[in-house]
Amino acid sequence: MLCRGTSRVNMNALVATSRNFKQAAKILGLDSKLERSLLIPFREIKVECTIPKDDGTLASFVGFRVQHDNARGPMKGGIRYHPEVDPDEVNALAQLMTWKTAVANIPYGGAKGGIGCAPGELSVSELERLTRVFTQKIHDLIGIHTDVPAPDMGTNPQTMAWILDEYSKFHGYSPAVVTGKPVDLGGSLGRDAATGRGVLFATEALLAEHGKNISDQRFVIQGFGNVGSWAAQLISEGGGKVVAVSDVSGAVKNRSGLDIERLVKHSIENRGIKGFSGGDSIDSNSLLTEECDVLIPAALGGVINRENANDIRAKYIIEAANHPTDPEADEVNILSKKGVLILPDILANSGGVTVSYFEWVQNIQGFMWDEEKVNSELKKYMVKGFKDVKKMCKTHNSDLRMGAFTLGVNRVARATVLRGWEA
Ligand SMILES: NC(=O)C1=CN([C@@H]2O[C@H](COP(=O)(O)OP(=O)(O)OC[C@H]3O[C@@H](n4cnc5c(N)ncnc54)[C@H](OP(=O)(O)O)[C@@H]3O)[C@@H](O)[C@H]2O)C=CC1
Ligand SMILES: O=C(O)CCC(=O)C(=O)O
């Protein structure tokens, strides 16, 4: 059950996610048949993707798409390219998408995909061939009203453009089949920053409850990709002090606050934050236990676990990544005893899929919103999601994670029963 990475000791992602679901089902008093039907995925797809490498040799990769639930609408979720992609993890991430879209109250179910590969070690043309082969294998199973992919770790708008183009060869031009596309192909203004912006709005809502503001807090952020770098930029623009950041290349710290604009520029030019002169280089493994007010994990799952939970010095953890906190860190009360408040992933990072929904709506309407509308609608959804979760916490006397899980699971359970699928 335990996975050991370089510095991780954490539970299998599927066991961890299902455990949170089962706790929510118990609180809600769901009957066992309904509970079982909500837990088992609708469909699990595993495909082999063989491509010619640039040097003419063949390379094979395994790709997955798990379609978890469609009671509330088409299944929705990103596609991850990462060496650690495995079926249980994709399954867990798909399940999280089902609860997340329900917490956000957008008309979707949940799905997730992934290919076990190291995108940084493939050329752009190899990545394009891999994406096109993967799309050829799954094109019959995705679609505007069935399953709509989007970017996740290791993928980006260009990946979505290749999927859109390959899918369109089989089904005709269909921009709404993926979201997170380049704006030139019908992508939404504001989608690129949306997950980070949603993290900002959710953090503001939590801090406001405690009489605090972004501008009086010190932040530590793990991961400086799409989500982490946008969260850092927006927090910094809002007057917050980002005191430490990491990515795969290394970690950097400056107690007076990092110059995030310069760090973004450095990271683009140098393909990572390593070597940034505006702070001191620190050990990446110690980043999560740096002293700060708000810790934002924005990279991999399971990074806060029973080994390091005791050493966490933040007051708030905002889960920008999916399942960054292992249940053993959370449940054995290591963090709650220390008074650390955790804003769970299915609420904190729901800004990305919310703007994906706006993108899908714009594509279907054939009408483009301006960025101000996208951002103000996103704020409404994030604030409403936070209020709805708090209401569930009050009803069931639970923490924020169970507030979010009971909210999401209850909405999906209601849709399932209304459709007569519970038997
Ligand atoms: N993109 C989205 O819209 C959404 C993403 N998420 C979640 O947010 C997280 C980040 O996704 P996203 O930003 O899109 O992914 P990206 O691929 O854009 O960025 C991932 C970042 O994490 C870094 N990273 C990877 N491993 C480690 C590690 N061991 N220690 C420190 N940093 C590490 C990467 O470093 P490097 O670049 O050096 O490899 C990179 O900076 C994921 O958990 C994802 O599921 C959730 C909701 C929506
Ligand atoms: O934008 C989307 O559809 C999905 C984003 C995603 O994969 C996630 O929220 O984890």
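Predicted, not measured: the structure shown is a model, and the values here were computed from it.

Reading the values: rules and limits
- Residues numbered from 1 in each chain as written.
- Chains lettered and ligands numbered in written order.
- Predicted model: local features only at pLDDT ≥ 70, side-chain atom pairs only at ≥ 80, totals over all residues.
- pLDDT = per-residue confidence, 0-100.
- Contact = placed C-beta atoms within 7 Å.
- UniProt positions renumbered as here; feature names shortened; annotations may be inferred.
- Helix = DSSP H or I, 4+ residues; strand = E, 2+ residues; numbered from the N terminus.
- Buried ≥ 20, exposed ≤ 12 C-beta atoms within 10 Å, placed from the backbone.
- Near = placed C-beta within 6 Å.
- Nonpolar A, V, L, I, M, F, W, Y, C, P; charged D, E, K, R; others polar.

This next bit is on the confidence of the model for the chain. Looking at the chain, the pLDDT average stands at 95 and 97% of residues meet or exceed 70. Counting interchain partners and residues more than four positions distant, the pLDDT-below-50 stretch residues 1–8 has 15 contacts. Overall fold confidence for the complex sits at a pTM of 0.97, while the interface term, ipTM, reaches 0.98.

In the numbering used here, UniProt assigns the "site: Important for catalysis" (unreviewed entry) feature to D152. The residue D152 is located in the loop between β7 (147–151) and α5 (157–171) in this model. Classification of D152 by C-beta neighbours within 10 Å gives buried; the count is 25. Not counting the four nearest positions on each side in its chain, D152 is found in contact with G78, I79 and R80.

Looking now at the site of ligand 2. Ligand 2 sits among 13 residues. The nearest are G78, A150, G352, V353 and S356. Of all the secondary-structure elements, those providing two or more residues to the shell around ligand 2 are β5 (75–82) and α12 (351–365). For the shell around ligand 2, the residue count by class is 2 nonpolar, 8 polar and 3 charged.

Another point: the site of ligand 1. Around ligand 1, 26 residues are found, and the nearest of them are G223, G225, V248, A321 and G352. Sorting the residues of the shell around ligand 1 by element identifies α7 (226–237) and β9 (241–247) as the ones contributing at least two each. Per element, the largest residue contribution to the shell around ligand 1 is 3 residues, and it comes from α7. Considered class by class, the residues forming the shell around ligand 1 number 10 nonpolar, 14 polar and 2 charged.

Our focus in this paragraph is unusual backbone geometry. Residues apart from glycine generally show negative phi values, whereas peptide bonds are mostly found in trans. Phi is positive for N105, close to 60°, though the residue is something other than glycine. By secondary structure assignment, the location of N105 is in the loop between α3 (87–104) and β6 (110–116). Backbone geometry at R271 places phi at a positive 50°, although glycine is not the residue there. Examined against the element boundaries, R271 turns out to sit in the loop between α8 (260–270) and β11 (280–282).

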